[in-house]
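Given next are the chains, with one letter for each unit.
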Amino acid sequence: MHNTTAMLIELGAIILALGLLGRLAGRVGFSPIPLYLLAGLAFGHGGILPLQASEEFVATGAEIGVILLLLLLGLEYSASDLVTNLKTQYPSGAVDFVLNALPGALAALILGWGPVGAVALAGVTWISSSGVIAKVLGDLGRLGNRETPVILGVLVIEDLAMAVYLPILTALLAGVSLAGGSLTLLISLGTVAAVLYLALRHGRLISKAVSSDNAEMLLLVVLGLTLLVAGIAQELQVSAAVGAFLVGIALSGEVAEGASSLLTPLRDLFAAVFFVFFGLSTDPADIPPVLVPALVLAVVTALTKTATGWYAARRAGIKTAGRWRAGGTLVARGEFSIVIAGLAVGVEPRIGPLATAYVLILVIIGPLTARWTEPLARRLTRRRTAAQAPVAPAEPADIVRTNS
């Protein structure tokens, strides 16, 4: 069979399968990410039906998927929102980092992966899934809840932290010297600061330059600009993902809304391809040996992420029920964890299977903790209160009646 024909058949089968899996996940009210990862495991090396002709195309599509994920995330926030969140939520962000990055780093050191593996696994366990959490909040009807801005604030700080973390990780993975890594970090921080300044001071001018009443022109300009900036960022060893995120931040108003509606279907398509590609790069036979460490790590970081949300909501003056809801909602890990593991798998191949199992566990548990953490905490509190309540002394009339 001609190579192009085989590639078209394979791509068609993959996309059709992803569509069916997405519909299945939607019917049961579940995130499709674990199903996409399982599909990748089935089609990858060592899977049921390994791909051959379309693997290179899928790899390119996966890169575009990461870029579009970060672009759409950036379009959700304005530069002023980001600055405000940084001012008010930075203590919660620091607690988030300490509680959730350290377990991953310690686990990597215990497993003998070395300092670079520790930095990579720390990122995998640190960052919550913005995509899964946004979907869960919508499905549960909590977008208007008082704790929701707190949840989004923690997510924004994590996303901004990626602008610093990803260049550091990229430099470490490339074996760059301390001076080279410092230069990369300075370039990254300078780029972020410059984009935030331009967005704050001249955001309207940037949006006006990109704006178009023609949907086709707007799509081409925004997508072309994003890919160009992502490529330049990659060349500067910053990160294509961070470059795309900064483009999203720089756009605002009607331009951001229009670009978001136009690019969302493309994002969904290529993001699904990305998750499939990550599954393709993982041999299913490598997962059982790391299943126990992944499960232990998932349980520990589910508890630490719940504590993070509880603390952040408490700082914002949210009542106890909202604190538990915030903590349970932040548990899910997803796209960023896979992105980080995808970057690190070339240096530490064992991180791929562990990250896949870890994300699969938490992307399944995440929607459940978001729904049931608060009711479970309320029930346990009631039982503890009832058990600690002193027994009321009997009334005299009761005593008389008893004796008679």
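Cut-offs and rules
- Residues numbered from 1 in each chain as written.
- Predicted model: local features only at pLDDT ≥ 70, side-chain atom pairs only at ≥ 80, totals over all residues.
- Heavy atoms only, no water.
- Helix = DSSP H or I, 4+ residues; strand = E, 2+ residues; numbered from the N terminus.
- Buried < 20%, exposed > 50% of the residue type's maximum accessible area, 1.4 Å probe, protein only.
- Contact = heavy atoms within 4.5 Å.
- Areas by Shrake-Rupley, 256 points an atom, 1.4 Å probe, with all protein chains shown as cover.
- Phe/Tyr/Trp six-rings, centres within 6.5 Å; stacked < 30°, edge-to-face > 60°.
- Axes fitted to C-alpha atoms, helices over the stretch in contact; angles between N-to-C directions.
- Left-handed = near helix turned anticlockwise from the far one by under 90°.
- Salt bridge = Lys/Arg side-chain N within 4 Å of Asp/Glu carboxyl O.
- Patch = residues over 30% accessible without salt bridge, like charges linked within 9 Å, V, L, I, M, F, W, Y side chains within 5 Å.
- Parallel < 35°, antiparallel > 145°, perpendicular 65-115°, else oblique.
- Nonpolar A, V, L, I, M, F, W, Y, C, P; charged D, E, K, R; others polar.
- Core = buried A, V, L, I, M, F, W, Y, C linked by side-chain atoms within 4.5 Å.
- Expected span 1.5 Å × (residues − 1).
- Polar contact = N/O pair within 3.5 Å; in protein donor to acceptor, adjacent residues only side chain to side chain.

Draft legend 1. Examining the overall build of the protein more closely. The helix and strand tally for the protein stands at 16 helices and zero strands. A buried classification covers 47% of the 404 residues belonging to the protein. Sequence-distant contacts in the protein: of pairs separated by 6 or more residues, those separated by 24 or more amount to 82%. Surface exposure of the protein reaches about 19,600 Å², of which carbon and sulfur atoms provide 67%.

Draft legend 2. Spotlight on the side chain of Gln89. Here Gln89 lies in helix H4 (residues 79-110). The residues contacting Gln89, other than those within four sequence positions of it, are Pro149, Val150, Gly153 and Ile157.

Draft legend 3. Representation of the packing of aromatic side chains. This structure, assessed with the given rule, holds three aromatic pairs. Aromatic pair Phe97 and Trp126: ring centres 5.0 Å apart, planes at 75°, arrangement edge-to-face. A residue pair is termed long-range when its members are at least 10 positions apart, and Phe97 in helix H4 and Trp126 in helix H5 (residues 114-126) qualify at 29 residues. Overall, Phe97 belongs to the partly exposed group, its relative accessible area being 42%. Their ring planes at 90° and their centres at 6.1 Å tell us that Trp126 and Tyr165 sit as a pair that is edge-to-face. One end of the pair, Trp126, is in helix H5; the other, Tyr165, is in helix H7 (residues 148-173), and 39 residues separate them in sequence.

Draft legend 4. Seen up close, the packing of H7 against helix H10 (residues 240-250). Two numbers describe how H7 lies on H10: the axes approach to 9 Å, and their chain directions differ by 145°. Helix-helix and strand crossings are classified by hand; for H7 and H10 the assignment is left-handed. Contacts between H7 and H10 involve Asp159, Leu160, Met162, Ala163 and Leu166 from the first element and Ala241, Val242 and Phe245 from the second.

Draft legend 5. View of the pattern of salt bridges. Per the stated rule, a full pass over the model turns up five salt bridges. Across the salt bridge formed by Lys305 and Asp96, the nearest N and O atoms sit 2.9 Å from each other. Separated by 209 residues along the polypeptide, Lys305 in helix H12 (residues 291-315) and Asp96 in helix H4 bring together distant segments of the chain. Among the ionic pairs, Glu374 bridges to Arg378, the shortest N-O distance being 2.4 Å. Placement of the pair is Glu374 and Arg378 together in helix H15 (residues 351-388), with a separation of four residues, close to one helical turn. With a relative accessible area of 38%, Arg378 lands in the partly exposed category. Residues joined by salt bridges that share partners form a network here, namely Asp96, Glu158 and Lys305.

Draft legend 6. Inspection of a nonpolar patch on the surface at higher detail. Together, Phe97, Val98, Leu102, Leu106, Leu109 and Ile110 make up an exposed nonpolar region whose accessible area comes to about 610 Å². In this fold, Leu102 is placed in helix H4.

Draft legend 7. The arrangement of the packing of H7 against helix H14 (residues 335-344) in detail. Look at H7 against H14: their axes get within 10 Å of each other, and the N-to-C directions meet at 15°. Here H7 lies roughly parallel to H14, going by the angle between them. The hand of the H7/H14 crossing is right-handed. Along the contact surface, H7 presents Asp159, Met162, Tyr165, Leu166, Leu169 and Leu173, while H14 presents Phe336, Ile340, Leu343 and Ala344. Looking at the contact of H7 with H14, its residues break down into nine nonpolar, no polar and one charged.

Draft legend 8. A look at the nonpolar core. By size, the foremost hydrophobic cluster in this structure holds 94 residues, and its most contacted members are Leu70, Leu71 and Leu121. Looking at this core element by element, the count peaks at 13 residues for helix H11 (residues 253-280). Look past the residues within four positions of Leu121 in its chain and what remains in contact with it is Gly104, Ala107, Ala108, Trp113, Leu297, Ile351 and Leu354. The next biggest cluster of nonpolar side chains, apart from the first, holds 11 residues, and it includes Ile151, Val154, Ala312 and Ile318.

Draft legend 9. Focus on H5. Look at H5: 18 Å from first C-alpha to last across 13 residues, which is about the 18 Å you get at 1.5 Å a residue. When we look at burial in H5, the residues that qualify are Gly117, Ala118, Ala120, Leu121, Ala122, Gly123, Val124, Thr125 and Trp126.

Draft legend 10. A look at the side chain of Arg323. For Arg323, the position within the fold is in helix H13 (residues 320-329). Looking at Arg323, its side chain comes within polar contact range of the main-chain oxygen of Ile318, at 2.8 Å. Not counting chain neighbours up to four residues away, the residues in contact with Arg323 comprise Gly309, Trp310, Ala313, Arg314 and Ile318.

Draft legend 11. Looking closely at H14. Most of H14 sits out of view: eight of its 10 residues are buried. For H14, every residue scored as buried is listed here: Glu335, Phe336, Ser337, Ile338, Val339, Ile340, Ala341 and Ala344.

Draft legend 12. Local environment of the environment of Ala355. As for its position among the elements, Ala355 is in helix H15. Exposure remark for Ala355: the relative accessible area of 0% places this residue in the buried category. Ala355 sits 61 residues away from Ala294 along the chain, and the two C-alpha atoms are 7.5 Å apart. Not counting residues within four places of it along the chain, the set of residues in contact with Ala355 comprises Val124, Phe278, Ile338 and Ala341.

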